[in-house]
Every structure is written in structure tokens, then in C-alpha cells.
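Summary of structural features
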Amino acid sequence: MPGVLWQTLRLAQDIYGLKMGALGTIDEPQIRLTVFSSRALKPRVFSKIVREVTRRYDLDSTAIAEFVQRYSTDKILGHVIERWRGMRPKSGYSLYEYLVITVMLQNTVVKRSVAMLHSLFEHYGRLAEFDEHELWAFWEAKAIERTSEKELRALRVGYRAKILKRQANQLVRRHIDEGRLWGLGRTERLKELDKIYGVGPQSAGYMLYEFFHDYDALEHIPPWEGKIYSRILFGHDRASPERIMEFVGRRFPGFRHLALDYLITDLFWRHREQNIDWLAKLIRR
DNA sequence: CGGCAGGTGCGGA
DNA sequence: TCCGCACCTGCC
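Since the model is a prediction, treat every value here as computed from it, not as a measurement.

Further remarks concern the pattern of salt bridges. Evaluated as defined, the whole model comprises 23 salt bridges. Ionic pairing is found between Asp 27 and Arg 85, a salt bridge with its closest N-O pair at 2.6 Å. A residue pair is termed long-range when its members are at least 10 positions apart, and Asp 27 in the loop between β2 (14–24) and β3 (29–36) and Arg 85 in the loop between α3 (78–84) and α4 (95–105) qualify at 58 residues. Taking the relative accessible area as the measure of exposure, Asp 27 reaches 56% and is therefore exposed. Note on Arg 85: relative accessible area 31%, which makes it partly exposed. Two residues, Glu 192 and Arg 180, come together in a salt bridge whose shortest N-O distance is 2.9 Å. One end of the pair, Glu 192, is in helix α10 (residues 186–195); the other, Arg 180, is in helix α9 (residues 178–182), and twelve residues separate them in sequence. On the basis of relative accessible area, Glu 192 is assigned to the buried category, the value being 18%. What you see here is one network of salt bridges that share partners, running through Arg 186, Asp 214, Asp 216, Glu 219 and Arg 256.

This is the structure in C-alpha cells:
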């Protein structure tokens, strides 16, 4: 259904169902948030959920509006902004959930990532039913800490089992401290994320942008994405990641990653509507 | 079948 | 710092 988003939300041991519906207009937006809970919801908890949603989706920031205003007449971005004005990265997960997702995305194809996540949900997650929807909710890191690497491997996650275990340990023992990470600047934050076992430049970059809402973070461009950006910006796929970074740094200062995200999202949607041949060749399944 | 995948850790130069 | 290599598994 357009204009409505359903998701689960885990806060410690409690699981909620969320429904977010679009109200108002793109330029004067409002969101109607409905919270589904298995017990009566205290106002204090509701406020906490509102704060959490606001932080996760970066709803109290004016960054997206600034970006739209600044580049709405840009030769490269103008028509894309016309179509996607107001779009923001979907970032409804907790830091731990992001870690799990990025690990499942590593070194495999999307289909298998989905299969591995599903298998983890079935064993450790909880299926939440609300508003006529069934959606999986994540588990707590503690649950993975209690299980064995062998048991995880039986779920066909391969060597990622070790990473899941170590990350859960680091989290439960508070070697990963989300509050502290929020207080750091980009360089330090990147360095800290990179210290997490199983997190490298790709996963860290992904989290800087989507989880920490650093719309200018662009320290790493994977080869396959680089080819696509090169094609969009220069009309050929030979530009190096350095060249791309340099270009967007001059053209879209403060919004390097967001600008590329708008461009690539628009491209994928156009590809979906009408096959783009060169893109089809670059995408794997 | 061998090769490889929207990465990362590790060891050695 | 920068390489090359191994790594689970499933699919081509």
C-alpha cells in the first residue's frame, strides 16, 4: 500500500508493531504513527518509541530539505529530485540489527542473504502479528551469545557464524557502545566501527550513511557501485572511485553519499519500469 | 564440475 | 600501507 510502512520494533525484551502512514504533503509532511503492543502501552513507552523512530529515520533533521533546496535545479540531480524530493534512506533498524544484516550481505548473492536471514529469524526471532500483517522481529544479541557456533552453522550461514558470535559478545559486553559512537565525528566513528569483528570498509560505510545519517560519508566505493556511478556521472564505466569521490565532493559538498543514493535509486526504479541494458549487465543475482 | 559472489581478517612483503 | 589468499554455501 503506498504511503504506509509496517515494521517491527524491538526495545530490549519488548516487541512492538509499528504502522507509519503518510499525512500532509511532501513539502509539509506529517506521519501518523500507530503502535501495536501486546499489553497496554504506557505514555512513557510510547514517547520512547516516538523518539526511537525519530532518531532511526532522522526525522528531526533538516538535512534532506537543505539538499533538495540546494540541488533542485542542478543539471545532474534536478530531474531526480523532481521525482524523489524528500526521499530518505530507509533506516529502521537498531545498530545490532544493522550488524547482522551487513554480515549476511557479505560475500554472497542477495538470494542467499535472504535465505540466511530468514533461517536466523525462524530460530531466534519472533513473528509478530499486527494490523493483519506478519513480520519478523529481531532477537536480542544475548540469544546469539547463548547459542553455539556449531548451531549457527547448521543454519547454513557458513563462516559468518563466527562473526555473529563475536559481534554478539562485543555488544553484550559493551565493547560496542552505541552512545559513544554517536558522539564521534566521521573519521573516529569509522575507525571504531572498523574495529568491530566482521566489519570492514563496506559495512562501516553503509552504517555511517544509513544508521548514523552521515549524508556526506563516502570513504569507500565498492567496484560494482563505482561502475554504475561512473556511468551516471561520466557516461562511461572507467572512472576510479577516487575520481568519483573527487567529483561529487566538488559538486555536492556535504551530501556526497545522499546525492549518489538519489541517483542510483532513481536509476534502479527506471530500470524496473523499463529495462536498462547496461545496468542489467552490471547487476548480479 | 570449478568458479565465484554488493567482504573481511590475516599473514607476509 | 598494500597485496594475496582463505573462507561457507549455493548456484551457474
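Now that the structure has been shown, the text picks up again.
Another aspect to go through is the protein's contact with DNA strand C. Taken together, Asn 107, Arg 112, Arg 153, Arg 156, Gly 158, Tyr 159 and Arg 160 are the residues near DNA strand C. Near-protein atoms of DNA strand C (within 4 Å) split between backbone and bases, with sugar and phosphate holding 65%. Partitioning the surface near DNA strand C into residue classes produces one nonpolar, two polar and four charged.

A few words now on a positive patch on the surface. A contiguous patch of positive charge on the surface is contributed by Lys 42, Arg 44, Lys 48 and Arg 51. You can see Lys 42 is positioned in the loop between β3 and α1 (43–56).

A word on helix α12 (residues 223–234). Here α12 spans 16 Å end to end across twelve residues, near enough to the 16 Å set by a 1.5 Å rise per residue. For α12, the full list of buried residues reads Glu 225, Gly 226, Ile 228, Tyr 229, Ser 230 and Leu 233. Of the surrounding secondary structure, the elements contacted by the buried residues of α12 are α13 (241–251), α14 (256–273) and α15 (277–282). One or two steps after α12, the chain reaches Gly 235, where phi turns positive at roughly 80 degrees.

A few words on the nonpolar core. Ranked by size, the top nonpolar core spans 35 residues in total, and within it Phe 67, Leu 77, Leu 233, Leu 258, Leu 260 and Tyr 262 carry the most contacts. Mapped by element, the contributors of at least two residues to this core are α2 (63–71), α3, α12, α13, α14 and α15. When residues in this core are grouped by element, the largest group, seven residues, is from α14. Among all residues touching Phe 67, those that are not within four sequence positions of it are Leu 77, Ile 81, Phe 255, Leu 258, Ala 259 and Tyr 262. Val 100, Tyr 124, Trp 139 and Ala 143 belong to the second largest nonpolar core, which has 22 residues in total.

A few words on the pairing of β2. Direction of pairing for strand β1 (residues 4–11) relative to β2: antiparallel, over a ladder of eight bridges. In the strand pairing of β2, Trp 6 is matched with Lys 19. Where β1 hands over to β2, the hairpin turn is made up of two residues, of which Ala 12 adopts a positive phi near 55 degrees. Pairing of β2 with β3 involves eight bridges; the strand directions are antiparallel. Looking at β3, one finds that Leu 18 is bridged to Val 35.

Calculation rules
By convention here, each chain's residues receive numbers from 1 onward along its written sequence. The order in which chains are written sets their letters, starting at A; the order in which ligands are written sets their numbers, starting at 1. Residue-level local features of this predicted model are given only where pLDDT is at least 70; pairs of side-chain atoms are given and counted only at 80 or more, and the full residue set underlies all totals for whole chains, interfaces and linings. Computation of side-chain values: all heavy atoms of the structure, hydrogens and water removed. For this analysis, a salt bridge means a side-chain nitrogen from Lys or Arg found within 4 Å of a carboxyl oxygen belonging to Asp or Glu. Each helix is a run of DSSP H or I of at least 4 residues and each strand a run of E of at least 2, with the numbering of both proceeding from the N terminus. Only protein chains enter the accessibility calculation, which uses a 1.4 Å probe. A residue is then buried if its area is under 20% of the maximum for its type, exposed if over 50%, and partly exposed in between. Nearness is defined per residue: one heavy atom within 4 Å of the molecule or strand is enough. Ten residues, namely Ala, Val, Leu, Ile, Met, Phe, Trp, Tyr, Cys and Pro, are considered nonpolar, four, namely Asp, Glu, Lys and Arg, are considered charged, and the remaining ones, Gly among them, are considered polar. Each patch groups residues whose relative accessible area exceeds 30% and which form no salt bridge, using 9 Å between like charges and 5 Å between nonpolar side chains of Val, Leu, Ile, Met, Phe, Trp and Tyr. The accessible surface values rely on the Shrake-Rupley method and a 1.4 Å probe; as for residues, cover is taken only from the protein chains in view. Positive charges are assigned to Lys and Arg, negative charges to Asp and Glu, while His and the chain termini are left out of the count. By convention, the point assigned to a charge is CZ for Arg, NZ for Lys, CD for Glu and CG for Asp. How far a helix is expected to stretch is found by multiplying one less than its residue total by 1.5 Å. Contacts: residue pairs with any heavy atoms within 4.5 Å of one another. We define a nonpolar core as any set of buried Ala, Val, Leu, Ile, Met, Phe, Trp, Tyr and Cys residues linked to one another through side-chain atoms lying within 4.5 Å. Strand pairing is assigned whenever DSSP detects at least two bridges linking the two strands.

All we've got here are geometric facts, nothing functional implied.
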